[in-house]
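Listed here are the chains, written in short residue letters.
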Amino acid sequence: MKIAIAGGGIGGLTLALLCHRHGIEAEVWEASETLRPLGVGINLLPHAVRILSELGLRDALAEIAIETSSLSYYNKRGQRIWHEPRGLAAGYDWPQFSIHRGEFQMLLHRTVVERLGADAVHTGHSFETVLDSGARGQARFALRRRTDNAEVQASADVLVGADGIHSAVRRHFYPTGDLPRFSRRLLWRAVTEAPPYLDGRSMFMAGHQDQKFVAYPISEPLRRQGRSLVNWIAELRVPDSFPDTPPRSDWNKQVDKAVFRAAFADWQWDWIDIPALIDGAEAIYEFPMVDKDPLPRWTFDRVTLLGDAAHPMYPIGSNGSAQAILDARYLVDSLLGTPDTGYALREYEAERLPRTAGIVLRNRMNGPEQVMQLAEERAPQGFADIGQVIPHAELEAISQRYKQLAGFDRQSMQGSR
Ligand SMILES: Cc1cc2nc3c(=O)[nH]c(=O)nc-3n(C[C@H](O)[C@H](O)[C@H](O)COP(=O)(O)OP(=O)(O)OC[C@H]3O[C@@H](n4cnc5c(N)ncnc54)[C@H](O)[C@@H]3O)c2cc1C
């Protein structure tokens, strides 16, 4: 059986490695001419790290990524609302890694080339359209070759659209109406080399749903030198005068810090200096916080969707990459479980579509970050004792429910394979 994968991002490359591990032939068609380490930080949660560990990547990840020790939420005055250990520190068998997205993608790409051969990744080929969805067997599709703009046609037993938030495979099946939903919040993403804060492995978020700052270190080599490469995201709600249509979500759009810096000018506390982090960044990327409504179906004969192509979600709960990796795992499991390929694709969808739809919808309600919004609503001037504002049990329930929804609560990870 041969699987063609449109998109050599996090989900597509992981799928190629999983296919190879289980004796399924895979090839990747990637639009970019050369894969470059693009993006800033992402988090790999323990359930995704388990899958990557099965692929033999845990040591390589530990060399470059930070093993995240804790996650804390603060209000806009830097007062702590909630703190929890993460990964190994929380008793999981697998760490949570905070990592540079581009370095992670390059690691996956190198590993695919080593294991599947260089011919398995066709860079510079942009997927254009499905020619035949494969009702009677093979899926056929057309791509555009960057070098000479020629159309290239290819076929496979299964075509997987792993081509990200602007998926052309998805657009083929949903040509109209499937528009990005704008949260009316903009994100500014960057990395800054800085002295470590807290223990040098901690992730934190401060603020509330209309103004937030998120940070976590992402470089183990720098940590070993006593420094931190801090990945950070500043978020603000746009003014009412801002159009309802979001600006195009371009991961590489650079802007000046002047666009948002003033809003965070006094966010300096004894354990972190946020204006200094903002000032220390070399490049700042703007991205609208967008998602899309969950789809009624992902699978059409021998074609299906995966990762952001299937379920773009707000970057809340640090889940986007993990869910793409989980999709890949379930897809391969389903294909291995039955000789009926069409059935396997529908089974994959039946498992993954409702789960990821639940995360998309819960992220619209702030996901686990709702604790920050509750603190803002109930105690906008701050608090002396968070227990008087939000009882511990309420905080714990919000954290635990989200882990269950996203599939990384300890109990269900121990219970599953
Ligand atoms: C350049 C870039 C930078 C990013 N930076 C961040 C970040 O800083 N923080 C964050 O949280 N998330 C970032 N993301 C998104 C993050 O990687 C995904 O949300 C998540 O990992 C899910 O992965 P995915 O494989 O579904 O999508 P992605 O990792 O986005 O991968 C999609 C891949 O498909 C390719 N592609 C797109 N269109 C076509 C086409 N027509 N034909 C063939 N290939 C195509 C893209 O070039 C890309 O390699 C970034 C994505 C990209 C592409």
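Residues take numbers from 1 onward in each chain, read along the sequence in its written order. Local features in this predicted model are restricted to residues of pLDDT 70 or higher, and side-chain atom pairs are both shown and tallied only at a pLDDT of 80 or more, whereas totals for entire chains, interfaces and linings draw on every residue. Side-chain numbers come from the whole structure's heavy atoms, not from hydrogens or water.

Participant: I would appreciate a short explanation of the overall build of the protein in the present structure.
Facilitator: Looking only at helices and strands, the protein has 13 helices and 21 strands in total. A compact globule built from 417 residues should have a C-alpha radius of gyration of about 22 Å, and the protein, at 21 Å, falls within 12% of that. Counting only C-alpha atoms, the protein reaches 65 × 45 × 40 Å along its principal axes. Think of it in three bands: with a 1.4 Å probe and only protein chains considered, a residue is buried below 20% of the maximum accessible area for its type, exposed above 50%, and partly exposed in between. For the protein, the proportion of its 417 residues judged to be buried stands at 58%. Note on definitions: a residue-residue contact is assigned when non-hydrogen atoms from the two residues lie within 4.5 Å. Counting contacts in the protein only where the partners sit at least 6 residues apart, residues at least 24 apart contribute 74% of the total. Accessible area of the protein: about 17,100 Å², with a carbon and sulfur share of 47%. Helix and strand assignments follow DSSP, with helices taken as H or I runs no shorter than four residues and strands as E runs no shorter than two, numbered in order from the N terminus. Atoms considered for the radius of gyration are the C-alpha atoms alone. The globule rule reads 2.2 Å times the number of residues to the power 0.38. The Shrake-Rupley method, run with a 1.4 Å probe, gives the accessible areas here. Residue values count only the displayed protein chains as cover.

Participant: What is the right way to look at the sheet that holds strand S12 (residues 158-161) in this model?
Facilitator: Strands pair in a sheet through their backbones, by hydrogen bonds, and they do so in one of two ways: parallel or antiparallel. Two strands are said to pair when DSSP picks up at least two bridges between them. With parallel pairing, five strands are arranged side by side in an open sheet as S8-S2-S1-S12-S21. Either end of the sheet is taken by a strand with one partner, and the two such strands are strand S8 (121-122) and strand S21 (303-305). Alignment of S12 against S21, held across three bridges, turns out to be parallel. Bridge pairing in S21 links Leu-159 to Val-303.

Participant: I'm lost on the pairing of strand S15 (residues 211-217) in this one. Help?
Facilitator: The side chains of a regular strand alternate between both faces of the sheet. Across the seven residues that make up S15, a large majority, seven, are buried. Of the two faces of S15, both are covered, the one formed by Gln-211, Phe-213, Ala-215 and Pro-217 as well as the one formed by Lys-212, Val-214 and Tyr-216. Pairing analysis gives five bridges linking strand S14 (residues 202-208) to S15, with the strands arranged antiparallel. Bridge pairing in S15 places Phe-204 opposite Ala-215. Bridge count for S15 against strand S16 (residues 228-237) is seven bridges, and the pairing is antiparallel. Bridge pairing in S16 links Pro-217 to Val-230.

Participant: Would you mind showing me how to read the site of the ligand here?
Facilitator: We define proximity as follows: a residue is near a molecule or strand when any one of its heavy atoms falls within 4 Å of that partner. Of all residues adjacent to the ligand, which total 30 residues, the nearest are Gly-11, Glu-30, Arg-101, Arg-189 and Asp-308. Counted as a polar contact is a pair of N or O atoms within 3.5 Å, where, for protein atoms, one must be capable of donating a hydrogen and the other of accepting one, and residues adjacent in sequence contribute only when both atoms are in side chains. Ala-31 places a main-chain nitrogen or oxygen 3.1 Å from a nitrogen atom of the ligand. Contact distances for the ligand include 2.6 Å between an oxygen atom and a side-chain N or O atom of Arg-101. When the free accessible area of the ligand is taken as 910 Å², the share hidden by the protein chains comes to 86%. Counting only elements with at least two residues in the shell around the ligand, the list comes to helix H1 (10-21), strand S3 (41-44), helix H4 (101-116), strand S9 (125-132) and helix H8 (320-337). Each residue gets one of three labels, nonpolar for Ala, Val, Leu, Ile, Met, Phe, Trp, Tyr, Cys and Pro, charged for Asp, Glu, Lys and Arg, and polar for the others, Gly among them. Of the residues contributing to the shell around the ligand, the split by class is 11 nonpolar, 14 polar and five charged.

Participant: What should I look at first to understand empty space enclosed by the protein in this one?
Facilitator: Empty space among the atoms becomes visible once a probe the size of a water molecule is rolled across them. Using protein atoms alone on a 1 Å grid, points that fit a 1.4 Å probe yet trap it form a cavity, whereas open point sets bounded by protein on both sides within 12 Å along at least five of seven lines form a pocket; residues with an atom within 4 Å of a point count as lining. Grid points are joined across faces, edges and corners, and a volume is the space filled by probe spheres set on the points. Per the counting criterion, the structure on display carries four cavities of 30 Å³ or more. Size it by volume and the largest cavity reaches roughly 90 Å³. For the largest cavity, the lining is made up of 13 residues, of which Leu-71, Tyr-73, Glu-84, Arg-86 and Pro-368 are closest to its centre. The greatest single-element share of the lining of the largest cavity, amounting to three residues, is contributed by helix H12 (residues 392-406). The computed volume of the second largest cavity comes to approximately 50 Å³. Around the second largest cavity, the lining residues are Tyr-92, Asp-93, Trp-94, Arg-410, Met-413 and Gln-414. Across the lining of the second largest cavity, the residue classes tally to three nonpolar, one polar and two charged.

Participant: Hey, could you run me through the pattern of salt bridges in this one?
Facilitator: Side chains carrying opposite charge are able to pair once their charged atoms draw close together. Every case where a carboxyl oxygen of Asp or Glu lies within 4 Å of a side-chain nitrogen of Lys or Arg is listed as a salt bridge. Evaluated as defined, the whole model comprises 27 salt bridges. Between Glu-369 and Lys-212 there is a salt bridge; the shortest N-O distance is 2.4 Å. With Glu-369 in the loop between helix H9 (341-364) and helix H10 (370-378) and Lys-212 in strand S15, the pair connects residues that are 157 residues apart, well separated along the chain. For Glu-369, a relative accessible area of 5% corresponds to the buried category. In this structure, Asp-291 and Arg-364 form a salt bridge, with 2.8 Å as the shortest nitrogen-oxygen distance.

Participant: Help me understand the sheet that holds S9, please; the structure alone is not making it clear to me.
Facilitator: Spatial strand order, S9-S10-S11: three strands in an open sheet with antiparallel pairing. Edge positions in the sheet fall to S9 and strand S11 (151-156), since each of these pairs with one other strand and no more. The mean inter-strand angle of the sheet, taken between neighbouring strand axes irrespective of direction, is 30°. As paired strands, S9 and strand S10 (residues 139-145) are joined by six bridges and run antiparallel to one another. Opposite Ser-126, over in S10, you have Arg-144 as the bridge partner. Axes here mean lines fitted to C-alpha atoms, for a helix over just the part in contact, with angles spanning 0 to 180 degrees between N-to-C directions.

Participant: Mind showing me how you'd approach the packing of aromatic side chains here?
Facilitator: Within a pair of aromatic rings, the relevant descriptors are the distance that separates the centres and the angle that separates the planes. Each Phe, Tyr or Trp ring (for Trp, its six-membered ring) is paired with any other whose centre lies within 6.5 Å, and the angle between the two planes then decides the class: stacked below 30 degrees, edge-to-face above 60, tilted in between. The final tally for this structure, using the stated rule, is 19 aromatic pairs. Ring plane angle 70° and centroid distance 6.0 Å describe the contact between Tyr-174 and Phe-300, whose orientation is recorded as edge-to-face. With Tyr-174 in the loop between helix H5 (168-173) and strand S13 (181-194) and Phe-300 in the loop between strand S20 (284-291) and S21, the pair connects residues that are 126 residues apart, well separated along the chain. Tyr-174 gets classed as buried once you look at its relative accessible area, which sits at 17%. On the numbers, 5.7 Å between centres and 55° between planes, the contact of Trp-298 with Tyr-348 is tilted. Pair noted here: Trp-298 is in the loop between S20 and S21 and Tyr-348 is in helix H9, with a separation of 50 residues, a long-range link. Here Trp-298 and Tyr-348 have matching classes, each one buried. Taken together through their ring pairs, the aromatic side chains of Tyr-74, Trp-188, Tyr-197, Phe-204, Phe-213, Trp-232, Phe-260, Phe-264, Trp-267, Trp-269 and Trp-271 make up a single cluster. The ring centre of Trp-94 lies 5.1 Å from the NZ or CZ of Arg-50, which sits over that ring. A positively charged side chain is recorded as over a ring if its NZ (Lys) or CZ (Arg) lies within 6 Å of the ring centre. The angle to the ring normal must also be within 35 degrees.

Participant: I keep staring at the nonpolar core and nothing clicks. Help me out?
Facilitator: As a rule of thumb, nonpolar side chains are buried together in soluble globular proteins. Side-chain atoms within 4.5 Å link the members of a nonpolar core, which is a set of buried Ala, Val, Leu, Ile, Met, Phe, Trp, Tyr and Cys residues. Ranked by size, the top nonpolar core spans 78 residues in total, and within it Leu-15, Leu-44, Leu-61, Phe-104, Phe-127 and Leu-159 carry the most contacts. With residues near it in sequence (within four places) discarded, Phe-104 still touches Ile-10, Ile-42, Leu-44, Leu-52, Leu-61, Ile-99 and Ile-325.

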